[in-house]
Amino acid sequence: MGNFEHHLRLAREKRSAALDEFEKRRYTVVGDLVLKAIEQIIEAIASKEGLHFHLNPRTAHARRTRWAKEKFPSIAGDLDIIWGAYGDLGYDGLNGKRAKEAIEAMERIINEIEKEIGIRLR
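These numbers come from a predicted model, not from an experiment.

Caption draft 1: View of helix H1 (residues 4–23). Compared with the 28 Å implied by 1.5 Å per residue over 20 residues, the 29 Å span of H1 between its first and last C-alpha is a close match. All of the buried residues in H1 are Phe4, His7, Leu8, Ala11, Arg15, Ala18 and Glu21. For H1, the arc enclosing every buried residue in end-on projection is 155°, short of the 170-degree limit, so these residues lie on one face. Of the residues in H1, the exposed ones pointing more than 90 degrees away from the buried face are Glu5, Glu13 and Glu23. For H1, the elements touching its buried residues are helix H2 (27–47) and helix H5 (96–117). Measuring from the backbone nitrogen of Glu5 back to the side-chain oxygen at the start of H1 gives 3.2 Å, which picks out Asn3 as the cap. Remark: Arg25 follows H1 within two positions and exhibits a positive phi of approximately 65°.

Caption draft 2: Structural detail: the side chain of Glu114. Relative to the elements of secondary structure, Glu114 occurs in helix H5. Looking at Glu114, the relative accessible area reads 12%, which means it is buried. Among residues more than four places away in sequence, those in contact with Glu114 are Ile119, Arg120, Leu121 and Arg122.

Caption draft 3: Broad picture of the nonpolar core. Ranked by size, the top nonpolar core spans 35 residues in total, and within it Val34, Ile38, Ile41, Ile82, Met106 and Ile113 carry the most contacts. Elements that contribute at least two residues to this core include exactly H1, H2, helix H3 (57–71), helix H4 (76–90) and H5. The leading source of residues in this core is H2, at twelve residues. In this structure, Val34 is in contact with Ala18, Ile82, Ala102, Ile103 and Met106, ignoring residues within four places of it in sequence.

Caption draft 4: Looking closely at the pattern of salt bridges. The tally for this structure, following the rule as stated, stands at 14 salt bridges. With its nearest N and O atoms 3.4 Å apart, the salt bridge here joins Arg26 to Glu21. Judged by relative accessible area, which is 44%, Arg26 ranks as partly exposed. In this structure, the salt-bridge partner of Lys100 is Glu104, at a minimum N-O distance of 2.9 Å. Taken together, the residues Lys100 and Glu104, both in helix H5 and four residues apart, mark about one turn of the helix. Within the structure, one salt-bridge network assembled from shared partners comprises Lys36, Glu39, Glu43 and Arg64.

What counts and what doesn't
- Residues numbered from 1 in each chain as written.
- Predicted model: local features only at pLDDT ≥ 70, side-chain atom pairs only at ≥ 80, totals over all residues.
- Heavy atoms only, no water.
- Helix = DSSP H or I, 4+ residues; strand = E, 2+ residues; numbered from the N terminus.
- Expected span 1.5 Å × (residues − 1).
- Buried < 20%, exposed > 50% of the residue type's maximum accessible area, 1.4 Å probe, protein only.
- Arc of directions from axis to C-beta.
- Contact = heavy atoms within 4.5 Å.
- Polar contact = N/O pair within 3.5 Å; in protein donor to acceptor, adjacent residues only side chain to side chain.
- Core = buried A, V, L, I, M, F, W, Y, C linked by side-chain atoms within 4.5 Å.
- Salt bridge = Lys/Arg side-chain N within 4 Å of Asp/Glu carboxyl O.

What follows is the structure, encoded as structure tokens:
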């Protein structure tokens, strides 16, 4: 079971990898990495409340997303953008425009959560 620092380290690594893959124009993996970076940030914050969604993999994505949208309603739209990009990029191999949308949504989510909790996440 990971704690805040553990999940935050993973989130930073996945965010960095997403930005790197975007620069290298490897768009099909950008959606995966963006989604995983945001999920790790959510896990980090939830762990401070004793929640660990990843312990139940079958329901983790849905419960994590629902909790994040309730806790941070301002990021709900961007979470939906990321989920859409995840499918479009990973399964359909769409172009850089969709990857750019995913990167931008990731950054907006991080900015908003940083503002809400007062902790630097990058």
